[in-house]
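# An overview of the molecular structure
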Amino acid sequence: MDVNADIPLRFLAGKAGNAVIPDPRELLRPLQLAAEASLKRVGSSNHGFHVNVECEIPVAAGLGSSASTTVAIIAAVAKFKGVELNKKEIFKLAFVPENFLHGKPSGVDQATCIYGGMIQFTRPSSVKTVRSKRDPVMLVCDTGIHHATRTLVGGVVQKSQRERKDFQNYLVEIREISSGVAKALRKGDDEDLGVLMYQNHELLRKIGVSHPKLDHLVESARRAGALGAKLTGAGGGGCIIALARGMSGRDRISRVLRKEGGTTYKISMDRNGVESLPA
C-alpha cells in the first residue's frame, strides 16, 4: 500500500531555530496504520492501494493534525470500499495510529474530529455534545515552538509522581473548570467562559505543560481585550486559543499577537464531524 502526504513545509518546521523538520517516515507511518486498520475492518487487502493526504494543519502544534488526518483516512478508505462506518467504529479504529504516535492517548482529539461541534469528554465511553446558546468568537495563535506529545506527557507523568498531592488537587480543580465551561457555553456566558479559560491556563502552568512563550501570548491576549485565553494541546509550545467579545475584538487581538511573534488563525465551528464526500 502506498501512502503519500502533502503537508506544506511551513506547517512542519515551526519557526526558524525552534523546531526541526520531522522524519517523513514518522509522519507517514500513522497514516499507513490508519489505512490498514480501515481495510482490515472492511475485510479488504491493502495490495495495490494508494492513499494521498493533503493537510493544512500545523504538525506538532497541539491542533490535532494526526487525529484529523487518520480519522479522515479511516472514513475515506472504508467509503471507497463501499462500507459506511459509524462514528463509534471510526473512533475505535483511530486508536491504532494514535497509540503509535502518543503512547496512550486520551481519545479526546479523535472524538473532537469525529463528532464535530463542541463536546464534553471524560473518557472514550463518555462523549457528550454541548449545545451552546451561541458560538464563542475565538482565534488560535501558534508560538511556532513544536514538540512531540509523547515526550511532553512523559515529563508530566514524572512530575505528577514527585508532586502527587498537588497534582491531585490540580486535577480536581480542572474537572470543576471543565464542568463550569460546559455550563457557560450552554448559557452563552462568554464572561464566565473567559475567566475559566484563564484559570485553566494557570493550572496547566503549575502542572508544568506551559512555556514562557505561551504565557506571554496569553498575557498579550488579555491586554488586547481577550475575555479569556489558554494553551491548547499537550503544551510545551504549540498554540493558545483566545476568546474575543466579537469579530472586531478578534481582529484586534490577532494584530497584537502577530506583533508579539505569534502566527494567528481565524477559526470557525464545524458541527458535522467526519464526513465521506464524493471527490
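You'll find the structure just up there.
Report on the accompanying structure. (Residues numbered from 1 in each chain as written. Predicted model: local features only at pLDDT ≥ 70, side-chain atom pairs only at ≥ 80, totals over all residues. Heavy atoms only, no water.)

Moving on: the side chain of His201. Inspection of the secondary structure puts His201 in helix 8 (residues 190–207). Here His201 is in contact with Ser210, Leu214, Asp215, Val218, Ala229, Lys230 and Leu231, once residues within four sequence places are set aside. (Helix = DSSP H or I, 4+ residues; strand = E, 2+ residues; numbered from the N terminus. Contact = heavy atoms within 4.5 Å.)

Of note, Ile119 is situated in strand 3 (residues 119–123). Taking the C-alpha atoms as reference, Ile119 lies 8.5 Å from Arg131; in sequence the two are 12 residues apart.

A few words on helix 5 (residues 108–115). What helix 5 keeps buried is the set Gln110, Ala111 and Ile114. Angular distribution of buried residues about the axis of helix 5 spans 105°; they occupy a single face of the element. Looking at the buried residues of helix 5, the elements they touch are helix 3 (65–80), helix 4 (87–102), strand 3 and strand 4 (126–129). Looking one or two places after helix 5, you find Gly116, whose phi comes out positive at around 70°. (Buried < 20%, exposed > 50% of the residue type's maximum accessible area, 1.4 Å probe, protein only. Arc of directions from axis to C-beta.)

With respect to topology, 4 strands assemble into an open sheet ordered 6-7-5-8, the strand pairing being antiparallel. Sheet topology places strand 6 (228–232) and strand 8 (263–266) at the edges, where each strand pairs with a single neighbour. Within this sheet the neighbouring strands show an average axis-to-axis angle of 25°, counted without direction. Where strand 5 (residues 137–142) and strand 8 come together, 4 bridges link them in antiparallel fashion. Counted as the bridge partner of Asp142 is Thr263 from strand 8. Here helix 8 sits on the sheet in contact with strand 5, strand 6 and strand 7 (239–244), set at roughly 40° to strand 6. (Pairing = 2+ DSSP bridges. Axes fitted to C-alpha atoms, helices over the stretch in contact; angles between N-to-C directions.)

Within soluble globular proteins, side chains that are nonpolar tend to cluster in buried spots. Among the nonpolar cores identified, the biggest contains 26 residues, and Val51, Ile73, Ile74, Val77 and Ile90 are the most heavily contacted of them. Elements represented by at least two residues in this core include exactly helix 2 (24–42), strand 2 (50–54), helix 3, helix 4 and helix 5. Sequence-distant contacts of Ile90, that is, excluding residues within four places in its chain, are made with Val71, Ile74, Ala75, Leu85, Ile114 and Val274. Within the second largest apolar cluster, 25 residues are counted, among which are Tyr170, Ala226, Leu231 and Ile253. (Core = buried A, V, L, I, M, F, W, Y, C linked by side-chain atoms within 4.5 Å.)

Of the voids in this model, the second largest pocket is the one considered here, and its volume is about 280 Å³. Residue lining of the second largest pocket: 16 residues in total, with Val51, Asn52, Val53, Ile73 and Ala76 positioned closest to the centre. The set of elements that each furnish at least two residues to the lining of the second largest pocket consists of strand 2 and helix 3. With 7 residues, the top contributor of residues to the lining of the second largest pocket is helix 3. Tallied by class, the residues present in the lining of the second largest pocket amount to 10 nonpolar, 4 polar and 2 charged. (1 Å grid on protein atoms, 1.4 Å probe; cavity = no way out; pocket = protein on both sides within 12 Å on 5 of 7 lines; lining within 4 Å. Points joined across faces, edges and corners; volume = space filled by probe spheres on them. Nonpolar A, V, L, I, M, F, W, Y, C, P; charged D, E, K, R; others polar.)

This model, assessed by the stated rule, comprises 3 aromatic pairs. An aromatic cluster is defined as three or more aromatic residues linked by ring pairs; in this entry it consists of Phe91, Phe95 and Tyr115. (Phe/Tyr/Trp six-rings, centres within 6.5 Å; stacked < 30°, edge-to-face > 60°.)

Under the counting rule described, the total for this entry stands at 9 salt bridges. Between Arg245 and Glu191 there is a salt bridge; the shortest N-O distance is 2.8 Å. Of this pair, Arg245 sits in the loop between strand 7 and helix 10 (247–259) while Glu191 is found in helix 8, placing the two residues 54 residues apart along the sequence. Overall, the relative accessible area of 58% leaves Arg245 in the exposed class. Taking relative accessible area as the criterion, Glu191 reaches 44% and is therefore assigned partly exposed. Between Lys266 and Asp251 there is a salt bridge; the shortest N-O distance is 3.1 Å. In this pair, Lys266 sits in strand 8 while Asp251 sits in helix 10, placing the two residues 15 residues apart along the sequence. With a relative accessible area of 56%, Lys266 lands in the exposed category. Judged by relative accessible area, Asp251 falls into the partly exposed class, the value being 26%. (Salt bridge = Lys/Arg side-chain N within 4 Å of Asp/Glu carboxyl O.)

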